[in-house]
Amino acid sequence: MTGTVYKSTGSWYTVKSEQGGFIECRMKGKFRMQGIKSTNPIAVGDVVDFEVDDNSDKVTGAIHKIHDRKNYIIRKSVNLSKQVHIIAANIDQVFLLITIDNPPTTTSFIDRFLVTAEAYGIETVLVFNKIDTLNEQTLDEQLYLQHIYQEIGYRCLRISSTEKKGIDKVREMMLGKVSMFSGHSGVGKSTLVNAIESNLNLKTTEISDQSKQGQHTTTFAEMYDLSFDAKIIDTPGIKGFGIVDMEQGEISDYFPEFFKLKEQCKFNNCLHKDEPNCAVKKALEEDRVAWSRYRSYLQILEGDDEHYRTDIYNDDRIASDETRKS
């Protein structure tokens, strides 16, 4: 039988068959012997073949084949640095939720996520949530950040999940697609899902007043069929986002504004770092490229994942995105 993985808990997988039924499946042992260094060889969104075992009290299945993926979102495993974690597979688009101060989302995190999405050809929409909580200063920060990414070409939305502002636009963009919601813990992913489809009633929690960080409410990635011809993948909050398997020479290709300037550089293999007559560095000095984006690029280029994970909430608050170049 063939089906789609709707939930992964690490040892059991909830699979929806082509006939529409759900069955709990395990992975056949041979998958673990194929040198897969992922913490989860099978991910939510995977299309799999499985065999039904109805010899026990409960009908279960055994997954014996994973179909080729059209794409996936992947990052380094935070606890197991030599392994990777596939967040979800076969995605049409990602809604990356961003909050300014409740909790703070750094430009480093945004850029690392976008680079990975670009590498695997996944459209990402930046969703600025909790706009109802913004004061004069944080509103300025939010609009400034939105301007940076809109200039690059990314679609941006401003919403309030709690007050249901902008929700209709999100629903409209989800029609007929598999959408993944991602972001830090506490940015409002589950609240947004509940606002879109209230009968799901996903668990939510409050932000910690002391740390300004969110509490994990979604433990495992899970896909849901919605009532308006759409599917959603709700994911656990992500703290750090380590880049996986990128050669130095290709990283700038996943910064769209850098890629457009690449042919104007003197050297074909320009890394936009120390080389003379670099079009990216020239654009940087002329304010045609954001300094926060260039800083993120250098961090990725230098493989600065450990520093990033340690200082996720301290390194570059959006408020000082480019210290307004002062």
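Above this text you will find the structure in question.
Note that this is a predicted model, so its numbers are computed, not measured.

**Some points on the overall build of the protein**
Looking only at helices and strands, one finds nine helices and 13 strands in the protein. Each of the 326 residues in the protein was classed as buried or not, and the buried ones make up 51%. Of the contacts made within the protein by residues no fewer than 6 positions apart, 66% connect residues no fewer than 24 positions apart. Surface summary for the protein: the accessible area is close to 15,700 Å², and the carbon and sulfur share equals 44%.

**What to know about helix 2 (residues 136-152)**
The terminal C-alpha atoms of helix 2 lie 25 Å apart, and with 17 residues this matches the ideal 24 Å at 1.5 Å per residue to within 8%. Of the residues making up helix 2, those classed as buried are T138, E141, Q142, L145, Q146, I148, Y149 and I152. The buried residues of helix 2 occupy an angular sector of 155 degrees when projected down its axis, which confines them to one face. In helix 2, those exposed residues whose orientation departs by more than 90 degrees from the buried face are E136 and E151. Of the surrounding secondary structure, the elements contacted by the buried residues of helix 2 are strand 8 (93-98), helix 1 (107-119), strand 9 (123-128), strand 10 (155-158), helix 6 (256-259) and helix 8 (291-301).

**What to know about the pattern of salt bridges**
Overall, the coordinates contain twelve salt bridges when judged by the stated rule. Notably, a salt bridge pairs K169 with E172, separated by 3.7 Å at the nearest N-O pair. You can see K169 and its partner E172 sitting in helix 3 (residues 167-174), three residues apart, about one turn around the helix. The exposure class assigned to K169 is partly exposed, which follows from its relative accessible area of 33%. One salt bridge connects R293 with E257, and the closest N-O pair in it is separated by 2.7 Å. In this pair, R293 is assigned in helix 8 and E257 in helix 6, connecting sequence segments 36 residues apart. Classification of R293 by relative accessible area gives buried; the value is 1%.

**Quick notes on the nonpolar core**
Nonpolar side chains in soluble globular proteins tend to end up buried together. Residues I73, I110, L126, Y149 and M180 are the most contacted members of the largest nonpolar core, which totals 30 residues. The set of elements that each furnish at least two residues to this core consists of strand 7 (84-89), strand 8, helix 1, strand 9, helix 2 and strand 11 (178-182). For this core, the element with the most residues is helix 1, which contributes five residues. Ignoring sequence-local partners within four residues, the contact set of I110 consists of L96, I98, T105, L126, L145 and Y149. Counting 22 residues, the second-largest nonpolar core is a separate cluster that includes L97, V170, I196 and A230.

**As for the pairing of strand 9**
Of all six residues making up strand 9, five are buried, and the element is well covered by its neighbours. Here strand 8 runs beside strand 9; their pairing, made up of six bridges, is parallel. Note that in strand 9 the partner of L96 across the bridge is L126. In this fold, the crossover linking strand 8 to strand 9 by way of helix 1 has right-handed handedness. As judged from the four bridges shared by strand 9 and strand 10, these two strands associate in the parallel manner. Residue pairing in the sheet places V127 in a bridge with L157 of strand 10. With helix 2 bridging strand 9 and its parallel neighbour strand 10, the resulting β-α-β unit is right-handed.

**Comments concerning helix 1**
Between its first and last C-alpha atoms helix 1 spans 18 Å; for 13 residues at 1.5 Å apiece the expected length is 18 Å, and the two agree. Of all 13 residues making up helix 1, eleven are buried, and the element is well covered by its neighbours. Among all positions of helix 1, only T107, S108, F109, I110, D111, R112, F113, L114, V115, T116 and A117 are buried. Where helix 1 terminates, the next one or two residues include G121, which has phi positive at roughly 65 degrees.

**What about unusual backbone geometry?**
With an omega of 5 degrees, the peptide bond between N102 and P103 qualifies as cis. Here P103 is to be found in the loop between strand 8 and helix 1. Even without being glycine, D229 reaches a positive phi, approximately 60 degrees. Mapped onto the fold, D229 is located in the loop between strand 12 (222-225) and strand 13 (231-234). Phi at H272 takes a positive value of approximately 60 degrees, unusual for a residue other than glycine. Of note, H272 is situated in the loop between helix 6 and helix 7 (279-285).

Definitions and limits used
Residues numbered from 1 in each chain as written. Predicted model: local features only at pLDDT ≥ 70, side-chain atom pairs only at ≥ 80, totals over all residues. Heavy atoms only, no water. Helix = DSSP H or I, 4+ residues; strand = E, 2+ residues; numbered from the N terminus. Buried < 20%, exposed > 50% of the residue type's maximum accessible area, 1.4 Å probe, protein only. Contact = heavy atoms within 4.5 Å. Areas by Shrake-Rupley, 256 points an atom, 1.4 Å probe, with all protein chains shown as cover. Expected span 1.5 Å × (residues − 1). Arc of directions from axis to C-beta. Salt bridge = Lys/Arg side-chain N within 4 Å of Asp/Glu carboxyl O. Core = buried A, V, L, I, M, F, W, Y, C linked by side-chain atoms within 4.5 Å. Pairing = 2+ DSSP bridges. Right-handed = clockwise from strand over helix to strand, strands pointing away.

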